[in-house]
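Structural characterization, general
Next come the chains, spelled out residue by residue.
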Amino acid sequence: MCGPKPNYTTLRQKLIDSSHSFSKNSMAGAGSSEFNPESVISYKFPETLYTYTERDAAIYALGIGACGNDAVDNKELKYVYNADGQEFIQVLPTFVALFVNGVGSEISKIPGLQYDPRLLLHGQQYIEIYKPLPSSGCILNKASVAGLHDKGKAAVIEIEIVSYEKESGEPLCMNRMSIYLRGSGGFSKPSRPYSYSRNPSNQTAFPKIPKSQPFAVVEECTQASLALLYRLSGDDNPLHSDPLVASIAGFSRPILHGLCTLGFAIRAIIGRICRGDHTLIKSISGRFLLHVYPGETLITEMWPEASR
């Protein structure tokens, strides 16, 4: 990966050093955060490069469970091995979520925006795929602030990243992350909370779960070491590997990456609904409501509705 990496060693030490002062009171910081929202939404992120190889794509596929139940699965072997004379391995669509690794550390550089890194939550992820991903490449990322909302006890910031093939300049995909900064809300008038978004409503609305029985259900038990495998794809936040950091953050042990669970769900949809054709996936909306511990079972329920 090109460009600076998040310094998670420093983050771990900061968490340890400040653990004695951590209390529930720090989560109730509504009204204590003051900054100019216009300076936040106008912030210019530096362009970054992300390079990857076939090996990176294969490690990612294994990290979201590909071939986990069947090492010769004919629908998934193509993501980790050049089977049947296939010249290159295929790349799963959720691999594009890796392009934004490190963006979280850039948020801390936005002038005036102050928050406690222990209280940061990745709330939602929206992805658009414009063309199938090459098996290896160098990607140019252009990020911007796409939304900012005052939720009282939290501030929600939306970061949009458009990724291009560096050589051709063609757009490959777009990621949009919604980040919850607990304790950083209350920066606007309670009678008129600040809310800005340049996103179309159809990209932010989530459908209700149908009351009918699902068309298909996939259950997969995750490995106890899965977070340690997934972190090899670049997200080595100690919350997912370090018991002490997880404890300080309020968890009994390290939790699984939300984007890992999203990868499991989309892979299940590709296998059942798309009959193994990953190129049918054009857009993805994911909301992370609860934490998952490695070793727990993930259940994906599916209801086809037109092209969704």
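Here is a short report on the structure shown in this document. (Residues numbered from 1 in each chain as written. Predicted model: local features only at pLDDT ≥ 70, side-chain atom pairs only at ≥ 80, totals over all residues. Heavy atoms only, no water.)

**Describing the side chain of Ser135**
Within the secondary structure, Ser135 sits in the loop between β2 (120–129) and β3 (137–150). Not counting residues up to four positions away in its chain, the partners in contact with Ser135 are Tyr52, Thr53, Glu54, Ala57, Phe88, Ile89 and Val91. (Helix = DSSP H or I, 4+ residues; strand = E, 2+ residues; numbered from the N terminus. Contact = heavy atoms within 4.5 Å.)

**Concerning the pairing of strand β9 (residues 297–302)**
Burial along β9 is one-sided: Leu298, Thr300 and Met302 are buried, while Thr297, Ile299 and Glu301, pointing the other way, are not. Here strand β7 (residues 216–221) runs beside β9; their pairing, made up of six bridges, is antiparallel. If you follow Glu220 over to β9, its bridge partner there is Leu298. (Buried < 20%, exposed > 50% of the residue type's maximum accessible area, 1.4 Å probe, protein only. Pairing = 2+ DSSP bridges.)

**Observations regarding the nonpolar core**
Membership of the largest hydrophobic core comes to 39 residues, with the highest contact counts inside it found for Phe95, Phe99 and Leu133. Secondary structure elements with two or more residues in this core: β1 (48–52), α3 (54–63), β2, β5 (171–182), α6 (226–230) and α8 (258–272). For this core, the element with the most residues is α8, which contributes six residues. The residues contacting Phe99, other than those within four sequence positions of it, are Tyr50, Tyr52, Leu133, Ile139, Asn141, Ser163 and Cys173. (Core = buried A, V, L, I, M, F, W, Y, C linked by side-chain atoms within 4.5 Å.)

**Section: the packing of aromatic side chains**
This structure, assessed with the given rule, holds nine aromatic pairs. For the pair Tyr50 and Tyr52, a centre-to-centre distance of 6.3 Å together with 40° between the ring planes defines the contact as tilted. Each member of the pair, Tyr50 together with Tyr52, is buried. Where Phe187 meets Tyr194, the ring centres are 6.1 Å apart and the plane angle is 55°; that geometry is what we call tilted. (Phe/Tyr/Trp six-rings, centres within 6.5 Å; stacked < 30°, edge-to-face > 60°.)

Note that all results are geometric; they support no functional claim without further evidence.
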